Amino acid sequence: MNERELFLRHVGQTSRKPLLLHIDRAENIYLYDKEGRRFIDLCSGVSVSNIGHRHPAVTKAVNNQVERYMHLMVYGEFVESPQVQYARLLVENLPSGLNTVYFVNSGSEAIEGAMKLAKRYTGRYEIVSFWNAYHGSTHGALSIMGDLDFTRAFRPLLPHIRRLDFGVEEQLGQITRRTAAVVVEPIQAEAGVLVPGKEYMQALRKRCDQVGCLLIFDEVQTGFGRTGTLWAFEHFGVVPDILVIAKAAGGGMPLGAFISDKKIMDTLTYRPALGHITTFGGHPVSCAAGKAALEVILNEKLIDSVQDKGRKFIDLLAGHPKIKDIHGIGLLISVQLESEHYLSRFMDKLVDNGLVTDVFLFARDSFRIGPPLIITDEQIEEIVNIIRRTLDEVD
Ligand SMILES: Cc1ncc(COP(=O)(O)O)c(C=O)c1O
């Protein structure tokens, strides 16, 4: 039995149609399979590899850390330099109210921690979220997901969840003094990259302040430069009470975090103590990798060119007769084709032509363009040619 067959037999499956690429190694924006074929990673492993695969600064940081120690103790007991140094770097690049970092393993766990923290801090229990939102797959995160088809089978989920339509200011009155927190992606990714208006986000902030609930921004996909600013909230002039990060946060290693003011975070320390417990949260190797990756983004000023690169994709693809719509922000772009059925055939051919990307959970006729931020103009032109050729090949 070859490894592909073993994968299907012994590794838990959730996808009805896995890509089944058997990758041998990855570097920069490229993936190389066992048969020697080269693929371009057009989705950064879904918003993870923002500085490309195996950046030398990251592999060096990982190797150095592995030489010293890996896991030592459950989270929050020992002073671990990689955690401390990374927390400091994050905080230095955030507004002053976001000064305390709780490291966890993943985006879902960070959402769980953020919701628990908001309930604990406000003494309330209602959570407001949005239709077409995705916040992860654990029970709490699933409870606030904005799609009943995905969640129905796993009921009962958390009670007291209220969902609003994203971007509809008239509904903000449904956030009340019963609400502990509003959880929102400042730019909805899985909905097909929905960018709300600045006025809407400011009205949302104002409503949360009026009723005394916490505003939680899920920047798991939009953080670390993806949208052309380090954090997506910078586009709106609005600062959340709790920021949730993951994906690119670990530079290719598993890591998530929720970040707040110390006075909010400290409520996890008392009555009960150990308000959130995580064994591997803030793993030293992940923190070393994440810090190195963020330093690359900052030192190499990668964010400066993100808007131009995104615009180049849109300009070069817009107008193709088989593209119904193309829009996005920075290097998070959604391309809508004529139907879900057409998209499925297009995606198969795209892989054959050497491009790997992903569709969106809630925009089922669209695919994403979200390459590593290090992508060059020449690489963008090469990708656009492949996409155009594939569109021409698939009827
Ligand atoms: C916006 C958003 N939040 C949370 C998550 C969950 O992150 P993880 O898969 O690391 O649990 C995801 C994952 O895709 C996401 O896109």
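These figures come from a predicted structure and were not determined experimentally.

### Regarding the packing of helix α11 (residues 306–317) against helix α13 (residues 377–393)
With their axes 10 Å apart at the nearest point, α11 and α13 run at an angle of 30 degrees to one another. Comparing the axis directions of α11 and α13 gives the class roughly parallel. In this structure, α11 crosses over α13, and the sense of that crossing is right-handed. Only Asp-377, Ile-380, Glu-381, Ile-383, Val-384, Ile-387 and Arg-388 of α13 make contact with α11, whose side of the interface consists of Lys-309, Lys-312, Phe-313, Leu-316 and Leu-317.

### Structural notes on the domain arrangement of the protein chain
As assigned here, the protein chain comprises domain 1 (3–54 + 301–393) and domain 2 (56–299). Contacts between the two partners involve 31 residues from domain 1 and, on the opposite side, 35 residues from domain 2. The tally of links between domain 1 and domain 2 comes to one salt bridge. For Glu-190, the salt bridge identified is with Arg-368, shortest N-O distance 2.8 Å. For the interface between domain 1 and domain 2, the tally reads 20 residue pairs in polar contact (both at pLDDT 80 or more). Looking at the side of domain 1 that touches domain 2, the elements with two or more residues in it are α2 (44–47), α11, β11 (325–329) and β12 (332–336).

### Focus: α11
Look at α11: 17 Å from first C-alpha to last across 12 residues, which is about the 16 Å you get at 1.5 Å a residue. Within α11, the full set of buried residues consists of Val-306, Lys-309, Gly-310, Phe-313 and Leu-317. Down the axis of α11, the smallest arc covering the buried residues is 100 degrees, so these residues share one side. Here the buried face of α11 lies against β11, β12, β14 (366–369) and α13. Within two residues after α11, Gly-319 carries a phi angle of roughly 95 degrees, on the positive side.

### Brief notes about the site of the ligand
Residues in contact with the ligand, as listed here, are Ser-106, Gly-107, Ser-108, Tyr-134, His-135, Gly-136, Glu-185, Asp-218, Val-220, Gln-221 and Lys-247. Taking Ser-108, its side chain carries an N or O atom lying 2.6 Å from an oxygen atom of the ligand. Between an oxygen atom of the ligand and a side-chain N or O atom of Lys-247, the distance comes to 3.0 Å. Considered on its own, the ligand offers 390 Å² of accessible surface; in the complex 83% of this is hidden by protein. Its residues assigned to classes, the shell around the ligand comprises two nonpolar, six polar and three charged.

### Structural notes on the packing of aromatic side chains
The final tally for this structure, using the stated rule, is 10 aromatic pairs. With a centroid separation of 6.0 Å and an interplanar angle of 80 degrees, the aromatic rings of Phe-150 and Phe-362 are classed as edge-to-face. Of this pair, Phe-150 sits in helix α7 (residues 148–151) while Phe-362 is found in the loop between β13 (355–356) and β14, placing the two residues 212 residues apart along the sequence. A relative accessible area of 31% places Phe-150 in the partly exposed class. The class for Phe-362 is buried, based on a relative accessible area of 13%. Centroid distance Phe-166 to Tyr-200: 6.1 Å. Interplanar angle 80 degrees. Geometry classified as edge-to-face. Here Phe-166, found in the loop between β6 (161–164) and β7 (179–184), pairs with Tyr-200, found in helix α8 (residues 198–211); they are 34 residues apart in sequence, far enough to count as distant.

### Points about the pairing of β7
The element β7 is extensively covered by neighbouring structure, given that six of its six residues are classed as buried. Here three bridges tie strand β5 (residues 126–130) to β7, and the two strands are oriented parallel to one another. Bridging across to β7, Ile-127 finds its partner in Ala-181. Here β7 pairs with strand β8 (residues 214–218) via four bridges, running parallel. Bridge pairing in β8 places Val-183 opposite Ile-216. Chirality of the crossover, the property in question, places the unit of β7, α8 and β8 among those that are right-handed.

Reading guide: rules and limits
Residues numbered from 1 in each chain as written. Predicted model: local features only at pLDDT ≥ 70, side-chain atom pairs only at ≥ 80, totals over all residues. Heavy atoms only, no water. Axes fitted to C-alpha atoms, helices over the stretch in contact; angles between N-to-C directions. Helix = DSSP H or I, 4+ residues; strand = E, 2+ residues; numbered from the N terminus. Parallel < 35°, antiparallel > 145°, perpendicular 65-115°, else oblique. Left-handed = near helix turned anticlockwise from the far one by under 90°. Contact = heavy atoms within 4.5 Å. Domains from an automatic or database assignment. Salt bridge = Lys/Arg side-chain N within 4 Å of Asp/Glu carboxyl O. Polar contact = N/O pair within 3.5 Å; in protein donor to acceptor, adjacent residues only side chain to side chain. Expected span 1.5 Å × (residues − 1). Buried < 20%, exposed > 50% of the residue type's maximum accessible area, 1.4 Å probe, protein only. Arc of directions from axis to C-beta. Near = heavy atom within 4 Å. Areas by Shrake-Rupley, 256 points an atom, 1.4 Å probe, with all protein chains shown as cover. Nonpolar A, V, L, I, M, F, W, Y, C, P; charged D, E, K, R; others polar. Phe/Tyr/Trp six-rings, centres within 6.5 Å; stacked < 30°, edge-to-face > 60°. Pairing = 2+ DSSP bridges. Right-handed = clockwise from strand over helix to strand, strands pointing away.

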